[in-house]
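# A structural walkthrough
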Amino acid sequence: MKAEIKTRIKQLRSEGYGYKKIAKALDLTLSVVRYAVNKMSDEDLLEGHCEKCGIKIKSIKGKKRKRFCSDRCRWDWWNSHLRDINKKAFTTHQCKCCSREFSSYGNNRRIYCSHECYIKDKLSKKSTT
Ligand SMILES: [Zn+2]
Ligand SMILES: [Zn+2]
């Protein structure tokens with residue numbers, strides 16, 4: 001069987017088509033469709049582990065592979081990851097010139113909130129010394 005037909009059958013199955021409808025739509029015999037779907041069901045029986053709590057999970061055939069056992073785990077996972085991403089990406093600093101807090105992206109060590117403050121500070125230093 002061509003992979004192309006297989007993916008078509010898979011697609012129709014996920015859209016809720018029955019064997020008969022698929023056979024008609026793709027101009028195949030009922031037994032061919034049934035055989036293909038049975039084979040696919042074996043391939044599609046996905047087993048995995050929840051990425052949050054590690055519990056064993058089975059994904060529903062024909063549906064997207066699950067990554068989490070529950071909405072709660074997915075939510076927790078995303079929350080903690082977003083926090084990590086934010087922590088890594090943004091650092092908070094206080095402007096040396098106007099004392100305003102600002103966050104900068106990445107690892108750079110900005111000491112001024114803006115170029116304006118940078119210039120101001122430089123100029124004030126120049127004038128006092
Ligand atoms: Zn879980
Ligand atoms: Zn500033």
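For the structure, check the block above.
Structure report, in brief. Computed from a predicted structure; not experimentally measured. (Residues numbered from 1 in each chain as written. Chains lettered and ligands numbered in written order. Predicted model: local features only at pLDDT ≥ 70, side-chain atom pairs only at ≥ 80, totals over all residues. Heavy atoms only, no water.)

Geometry reference: four tetrahedral donors at a metal, ideal angle 109.5 degrees. Six octahedral donors, ideal angles 90 or 180 degrees. Binding of the zinc ion (ligand 2) to the protein goes through Cys-95 (SG), Cys-98 (SG), Cys-113 (SG) and Cys-117 (SG), at separations of 2.2 to 2.4 Å. Taken together, the four donor atoms coordinating the zinc ion (ligand 2) span angles of 103 to 115 degrees at the metal, a pattern that classifies the geometry as tetrahedral. Along the chain, the residues donating to the zinc ion (ligand 2) fall in the pattern C-x2-C-x14-C-x3-C. On the criterion of sequence distance, the pair formed by Cys-95 in the loop between strand E3 (90–94) and strand E4 (101–105) and Cys-117 in helix H5 (residues 115–128) is long-range, its members being 22 residues apart. You'll find Cys-95 and Cys-117 in the same group, each marked buried. (Donors = N, O, S within 2.8 Å, 3.2 Å for Na, K, Ca; no water. Tetrahedral: all angles 85-135°; square planar, octahedral: opposite > 155°, others 65-115°. Helix = DSSP H or I, 4+ residues; strand = E, 2+ residues; numbered from the N terminus. Buried < 20%, exposed > 50% of the residue type's maximum accessible area, 1.4 Å probe, protein only.)

For the rest of this paragraph, the subject is the side chain of Ser-104. With respect to the helices and strands, Ser-104 occurs in strand E4. Here His-93 takes part through its side chain, which lies 3.1 Å from a polar atom of the side chain of Ser-104. Each residue touching Ser-104, except ones within four places of it in the same chain, is listed here: Ala-89, Phe-90, Thr-91, His-93 and Arg-110. (Polar contact = N/O pair within 3.5 Å; in protein donor to acceptor, adjacent residues only side chain to side chain. Contact = heavy atoms within 4.5 Å.)

Before going further, it helps to spend a moment on the pattern of salt bridges. In the structure shown here, the tally under the stated rule is three salt bridges. Where Arg-74 meets Asp-71, a salt bridge forms, and the shortest distance between an N and an O atom there is 2.3 Å. Taken together, the positions of Arg-74 and Asp-71, both in helix H4 (residues 71–89) and three residues apart, correspond to about one turn of that helix. Note on Arg-74: relative accessible area 39%, which makes it partly exposed. Given a relative accessible area of 55%, Asp-71 falls into the exposed group. In this structure, Arg-72 engages Asp-76 in a salt bridge whose closest nitrogen and oxygen atoms are separated by 3.7 Å. Highlighted residues: Arg-72 and Asp-76, both in helix H4, separated by four residues, approximately one helical turn. (Salt bridge = Lys/Arg side-chain N within 4 Å of Asp/Glu carboxyl O.)

Attention now moves to the pairing of E3. For E3 and E4, the ladder comprises five bridges, and the chain directions are antiparallel. Bridging across to E4, Thr-92 finds its partner in Ser-103. Here E3 folds back onto E4 in antiparallel fashion, the turn holding six residues, of which Ser-99 has a positive phi close to 65 degrees. (Pairing = 2+ DSSP bridges.)

With that settled, consider a nonpolar patch on the surface. On the surface, a cluster of nonpolar side chains totalling about 290 Å² of accessible area is made up of Trp-78, Leu-82 and Ile-85. For Leu-82, the location among the structural elements is in helix H4. (Patch = residues over 30% accessible without salt bridge, like charges linked within 9 Å, V, L, I, M, F, W, Y side chains within 5 Å. Areas by Shrake-Rupley, 256 points an atom, 1.4 Å probe, with all protein chains shown as cover.)

A separate point is the nonpolar core. Core analysis: the biggest nonpolar cluster contains nine residues, these being Ile-9, Leu-12, Ile-22, Ala-23, Leu-26, Val-33, Ala-36, Val-37 and Met-40. Elements that contribute at least two residues to this core include exactly helix H1 (3–14), helix H2 (19–26) and helix H3 (30–44). No other element matches H3, which puts four residues into this core. By size, the runner-up hydrophobic cluster in this structure holds five residues, among which are Cys-95, Phe-102, Tyr-112 and Cys-113. (Core = buried A, V, L, I, M, F, W, Y, C linked by side-chain atoms within 4.5 Å.)

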